[in-house]
Amino acid sequence: MAKKLWGGRFNKALAKDVLSFTSSINIDKTLAIYDCLGSIAHAKMLGKAKIIPAKDAKKIVKGLKSILTSLKKGTFKVDKGFEDIHSNIQYVLTKKIGKTAGRLHTARSRNDQVVTDTRMYCKDTIDALIRSITLLQKSVLGAAKKYVTLVIPGYTHLEHAQPVLFSHLLLAYIEMLERDKERLEDTRKRIDVLVLGSGALTGTTLPIDRNYVKKLLGFKYLSRNSIDAVSDRDFIVEFLGALSIISMHLSRIAEDMILYGTKEFDLIEIDERFCTGSSLMPQKKNPDVLELIRGKTSQIYGSLVSVLGMLKGLPLSYNRDLQLDKEPLFSSIETINEELKLLAGLFASIKINKKNAGKALKDETIFATDIAEYLVGKGIAFRDAHDITGKLVKYCEKHNKNISTLDIKELNKFSKCFKKDIFARLNPESSVRLKKSIGSTNPVFVKKQIKNWNKILKV
Ligand code: ARG
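Rules and cut-offs
- Counting restarts for each chain, with residues numbered from 1 along the sequence as it is written.
- Only residues with pLDDT of at least 70 are given local features in this predicted model, and only at 80 or more are side-chain atom pairs given and counted; all residues enter the totals for whole chains, interfaces and linings.
- Side-chain metrics in this entry use all non-hydrogen atoms of the structure; hydrogen atoms and water are not considered.
- In this text, helices come from DSSP runs of H or I with a minimum length of four residues, and strands from runs of E with a minimum of two, each type numbered from the N-terminal end.
- Using C-alpha atoms as the atom set, the radius of gyration is obtained and then compared with a globule rule of 2.2 Å times the number of residues to the power 0.38.
- Relative accessibility decides the category of a residue: with a 1.4 Å probe and only protein chains considered, values under 20% of the type maximum give buried, values over 50% give exposed, and everything between is partly exposed.
- Here, two residues are considered to be in contact whenever any of their heavy atoms come within 4.5 Å of each other.
- Angles here are taken between N-to-C directions and fall from 0 to 180 degrees, while the axes themselves are lines fitted to C-alpha atoms, restricted in helices to the stretch in contact.
- Crossings are sorted by hand: turned counterclockwise from the far helix by less than a right angle, the near helix makes the crossing left-handed, and turned clockwise it makes it right-handed.
- Under the scheme applied here, ten amino acids are nonpolar (Ala, Val, Leu, Ile, Met, Phe, Trp, Tyr, Cys and Pro), four are charged (Asp, Glu, Lys and Arg), and all others, including Gly, are polar.
- Contacts described as polar in this section are N or O atom pairs within 3.5 Å, which, within protein, must combine one atom able to donate a hydrogen with one able to accept it, while residues neighboring in sequence count only if both atoms come from side chains.
- If a single non-hydrogen atom of a residue is within 4 Å of a molecule or strand, that residue counts as near it.
- Computed with the Shrake-Rupley method and a 1.4 Å probe, the accessible areas treat only the protein chains shown as cover for residues.
- Salt bridge criterion: a side-chain nitrogen from Lys or Arg within 4 Å of a carboxyl oxygen from Asp or Glu.
- The labels follow the angle: roughly parallel below 35 degrees, roughly antiparallel above 145, roughly perpendicular from 65 to 115, and oblique for the rest.
- Remark: nonpolar core denotes a set of buried residues (Ala, Val, Leu, Ile, Met, Phe, Trp, Tyr, Cys) joined through side-chain atoms within 4.5 Å.
- Helices are assigned an expected span. That span is 1.5 Å times one less than the residue count.

Here the focus is the overall build of the protein chain. Scanning the protein chain for helices and strands turns up 18 helices and six strands. Against the 2.2 N^0.38 benchmark of 23 Å for 459 residues, the protein chain shows a C-alpha radius of gyration of 31 Å, more extended than a compact globule. The principal-axis extents of the C-alpha atoms in the protein chain amount to approximately 100 × 55 × 40 Å. Relative to its 459 residues, the protein chain shows a buried fraction of 48%. Look at the contacts in the protein chain between residues 6 or more apart in sequence, and 76% of them connect residues 24 or more apart.

Given below as structure tokens:
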């Protein structure tokens, strides 16, 4: 029995190394289950539309179902001697049910078949990714609840900026992840298109019922143009774009945690289970999981760029180049899924070094913005308030003094508007408590947000 789906016009066997160079089976074996499901729907339609005898359709469906079972059980043996998983499954089906299997490929090309499989795979993986993101959000939310009123230094330019609730920072991560889910959901809409029935590129003379296949496979839309259907890989670019943004987010979160975990910051402690040691330096506990999350981001970006590059200048419709879409897609999905699970575990076990957070806030220059806004409250223009406070900070730095150790007389040299009530401003808790704007780090708002996320994430 031939291992190829196209032997007829060839007299010669493939040159040495051609099969291994052109084969994609090692990668597209991931699509095996979807290939069977797609073929089952196609066979049912061929039978229903009387394109093939009903009893043949039944026989094909039965054969495919038994292959599906072996795939699910893990007993199906992928044979590397095939060009791709589609050929492998067709071959196994022929072995099972004989010549009738030859009717399955009626009104179908691998060009529309492979895109159908890939779209089905993408829909399922998007659903799984969304679930994994939600689990990570829940884990981060759990940490936010544990440390809801803990104040830490907030950073801009990696310099002390203003006091902020640690929970507020964690809720920022949850916001980023929520947008990631929205992007995936949006991408999913454009993936949810049945392209099967487009043939190699023109459609078919046979009276196929594409709407029936669409219904059987649970697709929402039907492709409108057969050339576009087999050529389009926008959905993969979009998916990889969404994954790149997720990866960038995870990398930024990882970088925060790496920094906050260093001896220099010493704000958080990452559980040992997510760190590794050094073969030379016995004291080391390195945040390798977080570093690799940061590092692998470049691989995900690489995947996006490789598919974009492959598509650029590619003539319509199908070209074999398109086969190269799958490796970057599959590997990126796998990486992101792994990372989401690891990060969920990491956040569930994260500990905050409260003492050090307090120590870091002893640097009273972090209250400078609060002081300037205090002066605004006394009627001073913000630019003047900024200038007054800047001079005050400089003075304290020069004389190695803390702002709270100055007396009112000294403060009044900078502005007559300073009254005794300024001193109450110089502590982290009142700094966050006095924030008034919606979305600010005020604990009242943050607690409301936590409640809101409880609802959204169904905690
Ligand atoms: N392995 C191929 C791919 O992934 C399947 C389609 C092959 N089509 C063809 N006309 N050679 O694109």
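It is worth spelling out the packing of helix α7 (residues 166-191) against helix α18 (residues 443-456) at this point. The geometry of a pair of packed helices is captured by two quantities: the angle between their axes and the separation between those axes. Axis separation between α7 and α18 bottoms out at 11 Å; the angle between their running directions is 35°. Between α7 and α18 lies a crossing whose hand is left-handed. Between α7, through Ser167, His168, Leu171, Ile174, Glu175 and Glu178, and α18, the contact on the second element is made entirely by Val446, Gln449, Ile450, Trp453 and Ile456. For the contact of α7 with α18, the class distribution of residues is six nonpolar, three polar and two charged.

Moving on, we come to the side chain of Gln323. In this structure, Gln323 sits in the loop between α11 (288-311) and α12 (326-348). A polar atom in the side chain of Gln323 sits 3.5 Å from the side chain of Ser24. One polar contact links Gln323 to Arg320, side chain to side chain, over a distance of 2.7 Å.

Around the ligand, the surrounding shell consists of Ser24, Asp28, Asp84, Arg110, Asn111, Val114, Tyr318, Gln323 and Lys326. The separation between an oxygen atom of the ligand and a polar side-chain atom of Tyr318 is 2.5 Å. The separation between an oxygen atom of the ligand and a polar side-chain atom of Lys326 is 2.7 Å. Within the complex, the protein chains bury 87% of what would otherwise be the 340 Å² of accessible surface of the ligand. Looking at the shell around the ligand element by element, the count peaks at three residues for helix α6 (residues 110-146). Per-class residue counts for the shell around the ligand are two nonpolar, three polar and four charged.

Within this structure, the stated rule accounts for 23 salt bridges. The salt bridge partner of Lys55 is Asp56, with a shortest N-O separation of 3.8 Å. Glu178 is the salt-bridge partner of Lys181, the closest N and O atoms lying 3.5 Å from each other. With Lys181 and Glu178 both in helix α7 and three residues apart, this pair spans about one turn of that helix.

The next thing to look at is the packing of α6 against α7. Two elements in contact, α6 and α7, have axes separated by 10 Å at closest approach and are oriented at 170°. Taken together, the axes of α6 and α7 are roughly antiparallel relative to one another. Here the residues of the contact of α6 with α7 sort into 17 nonpolar, four polar and nine charged.

In this section: the environment of Asp117. Checked against the element boundaries, Asp117 lands in helix α6. Once the C-alpha coordinates of Asp117 and Leu194 are considered, the two residues, 77 residues apart in sequence, prove to be 9.9 Å apart. In contact with Asp117, not counting residues within four places along its chain, are Leu31, Tyr34, Asp35 and His86.

Time to look at the nonpolar core. Counting residues in each nonpolar core, the largest one holds 130 residues, and the members touching the most others are Phe239 and Phe347. By residue number, the principal contributor to this core is helix α10 (residues 234-261), which donates 15 residues. With residues near it in sequence (within four places) discarded, Phe239 still touches Cys122, Thr125, Ile126, Leu129, Leu184, Thr187, Ile191, Leu329 and Ile333.

The terminal C-alpha atoms of α6, which comprises 37 residues, lie 53 Å apart, in line with the 54 Å expected from a rise of 1.5 Å per residue. Most of α6 sits out of view: 27 of its 37 residues are buried. For α6, the capping residue at the N-terminal end is Ser109, with a side-chain oxygen 2.8 Å from the backbone nitrogen of Asn111.

Here we take up the environment of Leu136. With respect to the secondary-structure elements, Leu136 resides in helix α6. The spatial distance from the C-alpha of Leu136 to the C-alpha of Lys12 is 55 Å, given a sequence separation of 124 residues. When near neighbours in sequence (up to four residues on either side) are disregarded, Leu136 contacts Leu177, Leu250, Leu340, Leu343, Ala344 and Phe347.

Interpretation note: all reported values are geometric properties and have no functional meaning in isolation.
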